[in-house]
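One letter stands for each residue in the lines below.
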Amino acid sequence: MDLDRFKRWMGLRTLYLKWTLPLRFPLILNIEPTNRCNLACRMCPRAISHRPVTDLDWGLFERLADELGRHGPILKVFLQKDGEPLCHPRLAEMVALLREVRAARRLSVITNGTLLTEDRFAALAEAGLHDLIVSIDATNPTDYQALKGLDAYDRVVANVERALALKRRHGWRFPEIKARLVARQGHETEIEAFRHQWEGKADFVDITPYHTWLGAVKDERAYGGRPRYPCALLWYTGVVNADGRVSPCCIDFNLEGDLGRVGEGGFAAIWNGPALRRLRRAHIEGDYRRTAICGPCEYWLIKEDLGSWLRRRYGVPEPSSPPPRRSP
Ligand code: SF4
């Protein structure tokens, strides 16, 4: 997406959020099928994560799907967080169940594409997946291997091209296949080459901002430098990890922002519960160090600035304004 389109899109999102917040259930839910992965990407902090490797319990997934069916359709469910979703053998069944209960308007999977065989792509398409975002992240095998730790560039490109051909052959509209590149500082020519390679071929070219995972990976950001404002994600996005624990956001790769495990009350009990309410309040009041993760984070920068609106909504003064006068 180019910068002007991105700004217009953010403006519309901000208006929509002001119209809908606060929410009893998130607009977007990330569910992590597994935190297993078959790559070791340089811009991913999995290598230093302490999380035990596990797959999402099927019973818990069914309960989440049931809950989504009751609250939904929400805007989007992402089947992904830290792991490679295609490492989960029942990914297509997950999509089919979410589709059956009308969980969301868009069902999305983000994959590295290495395991995207024709059969698995066809199963995802037939299950009703809307978006398949493939993190290709390079334009040649050498850069790919340096960035991702595996000599798999040609395989990934072939997998994406085969999926696109299968779609064309069957006349399928979905899933829309998005070729993704993480935009790194100093790699402007790579961005142009990537666009050139995939525009008109993939359904979308998705240039996504680089971030440092709370300072865990080298800073190669191509953006920055705005005064801090509350992180809008806390008001509209939920995250369930593969072990059933809930994080404030998808940045929480080590579960340091743990908000508890999905239990009897379902995800809604955590979304409306005291821990997340306290965290939202801390952000409105400008206290970003209330959790270990938000202090060093810079991901909020690429999300909507709802700060002033939220402070007015909750009667909290702007940080620079004088404290309210006491009544005589
Ligand atoms: S500030 Fe960063 S760590 Fe905190 S909720 Fe937002 S994205 Fe997550």
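K.L.:
Kindly report on the overall build of the chain, identifying the contributing residues and their values.
P.N.:
In terms of helices and strands, the chain carries 11 helices and 8 strands. Relative to a compact globule of 328 residues, whose C-alpha radius of gyration would be 20 Å, the chain shows 20 Å and is just as compact. Out of the 328 residues in the chain, the part that is buried amounts to 37%.

K.L.:
Account for the nonpolar core, naming residues and giving values.
P.N.:
Counting 72 residues, the largest nonpolar core has Leu68, Val77, Val95 and Leu98 as the members making the most contacts within it. In contact with Leu68, not counting residues within four places along its chain, are Leu29, Ile74, Val77, Leu98, Val101, Ala103 and Ala104.

K.L.:
Tell me about the sheet that holds strand β2 (residues 74-79), and name the residues and values.
P.N.:
As summarised here, the arrangement of the 8 strands in space is β6-β5-β4-β3-β2-β1-β7-β8, forming an open sheet in which the pairing is mixed. Unpaired on one side and paired on the other, β6 (204-209) and β8 (246-247) mark the two borders of the sheet.

K.L.:
Tell me what's going on with the confidence of the model for the chain, and back it up with residues and numbers.
P.N.:
Here the chain shows a mean pLDDT of 90. Residues at 70 or above account for 91%. Across residues 322-328, where pLDDT falls below 50, the model places 2 contacts with residues more than four positions away in sequence or in other chains.

K.L.:
An account of unusual backbone geometry is needed here, citing residue identities and associated values.
P.N.:
With an omega of 0°, the peptide bond running from Gly72 to Pro73 counts as cis. Along the chain, the position of Pro73 falls in the loop between α2 (58-71) and β2. The omega angle of the peptide bond from Phe174 to Pro175 is -5°, so this bond is cis rather than trans. With respect to the helices and strands, the residue Pro175 is situated in the loop between α6 (153-170) and β5 (176-183). Within the chain, Arg102 stands out as a residue other than glycine whose phi angle is a positive 55°. Relative to the helices and strands, Arg102 is located in the loop between α3 (91-100) and β3 (104-111).

K.L.:
Quick rundown of the packing of helix α4 (residues 118-127) against α6? Include the residues and the values.
P.N.:
Packed helix pairs are characterised by how far apart their axes lie and by the angle those axes make with each other. It is the contact of α4 with α6, at a shortest axis distance of 10 Å, that shows an interaxial angle of 50°. Taken together, α4 and α6 sit at an angle that is classed as oblique. Handedness of the crossing formed by α4 with α6: right-handed. Of the residues in α6, those in contact with Glu118, Phe121 and Ala122 of α4 are Arg162, Ala163 and Leu166. Taken together, the residues that form the contact of α4 with α6 break down as 4 nonpolar, no polar and 2 charged.

K.L.:
Give me the lowdown on α2, citing residues and values where you can.
P.N.:
Here α2 contains 14 residues, and its C-alpha end-to-end distance of 20 Å stays within 8% of the 20 Å for a straight helix at 1.5 Å per residue. Buried residues of α2: Phe61, Leu64, Ala65 and Leu68, and no others. Across the axial projection of α2, the buried residues extend over an arc of 100°, all falling on one side. Along α2, exposed side chains directed more than 90 degrees from the buried face belong to Gly59 and Arg70. Here the buried face of α2 lies against β1 (28-31), β2, α3, β3, β7 (237-240) and α9 (266-271).

K.L.:
Help me get a handle on the environment of Asp131, residues and values and all.
P.N.:
With respect to the secondary-structure elements, Asp131 resides in strand β4 (residues 131-135). Looking at Asp131, the number of C-beta atoms within 10 Å reads 19, which means it is partly exposed. Measuring from C-alpha to C-alpha, the distance between Asp131 and Gly186 comes to 29 Å, with 55 residues separating the pair along the chain. Sequence-distant contacts of Asp131, that is, excluding residues within four places in its chain, are made with Arg106, Ser108, Pro175, Glu176 and Lys178.

K.L.:
A description of the pairing of β4 should follow, citing residues and the corresponding values.
P.N.:
For β4, a buried count of 4 out of 5 residues is recorded, marking the element as mostly surrounded by other parts of the structure. The parallel pair β3 and β4, bridged by α4, forms a crossover whose chirality is right-handed. Alignment of β4 against β5, held across 5 bridges, turns out to be parallel. Along β5, the bridge assignment pairs Ile133 with Lys178.

K.L.:
So what's going on with the environment of Glu199? Residues and values would help.
P.N.:
Position of Glu199 relative to the elements: it lies in the loop between α7 (188-198) and β6. For the pair Glu199 and Asn272, spaced 73 residues apart in the sequence, the C-alpha separation amounts to 42 Å.

K.L.:
A description of the packing of α3 against α4 should follow, citing residues and the corresponding values.
P.N.:
As a packed pair, α3 and α4 sit with axes 8 Å apart at the nearest point and diverge in direction by 10°. When the interaxial angle is binned, α3 and α4 end up roughly parallel. Residues Ala92, Val95, Ala96 and Arg99 of α3 form the contact with α4, whose participating residues are Ala123, Leu124 and Ala127. Of the residues contributing to the contact of α3 with α4, the split by class is 6 nonpolar, no polar and 1 charged.

Conventions we followed
- Residues numbered from 1 in each chain as written.
- Predicted model: local features only at pLDDT ≥ 70, side-chain atom pairs only at ≥ 80, totals over all residues.
- Helix = DSSP H or I, 4+ residues; strand = E, 2+ residues; numbered from the N terminus.
- Rg over C-alpha atoms; globule rule 2.2 N^0.38 Å.
- Buried ≥ 20, exposed ≤ 12 C-beta atoms within 10 Å, placed from the backbone.
- Core = buried A, V, L, I, M, F, W, Y, C linked by C-beta atoms within 7 Å.
- Contact = placed C-beta atoms within 7 Å.
- Pairing = 2+ DSSP bridges.
- pLDDT = per-residue confidence, 0-100.
- Axes fitted to C-alpha atoms, helices over the stretch in contact; angles between N-to-C directions.
- Parallel < 35°, antiparallel > 145°, perpendicular 65-115°, else oblique.
- Left-handed = near helix turned anticlockwise from the far one by under 90°.
- Nonpolar A, V, L, I, M, F, W, Y, C, P; charged D, E, K, R; others polar.
- Expected span 1.5 Å × (residues − 1).
- Arc of directions from axis to C-beta.
- Right-handed = clockwise from strand over helix to strand, strands pointing away.

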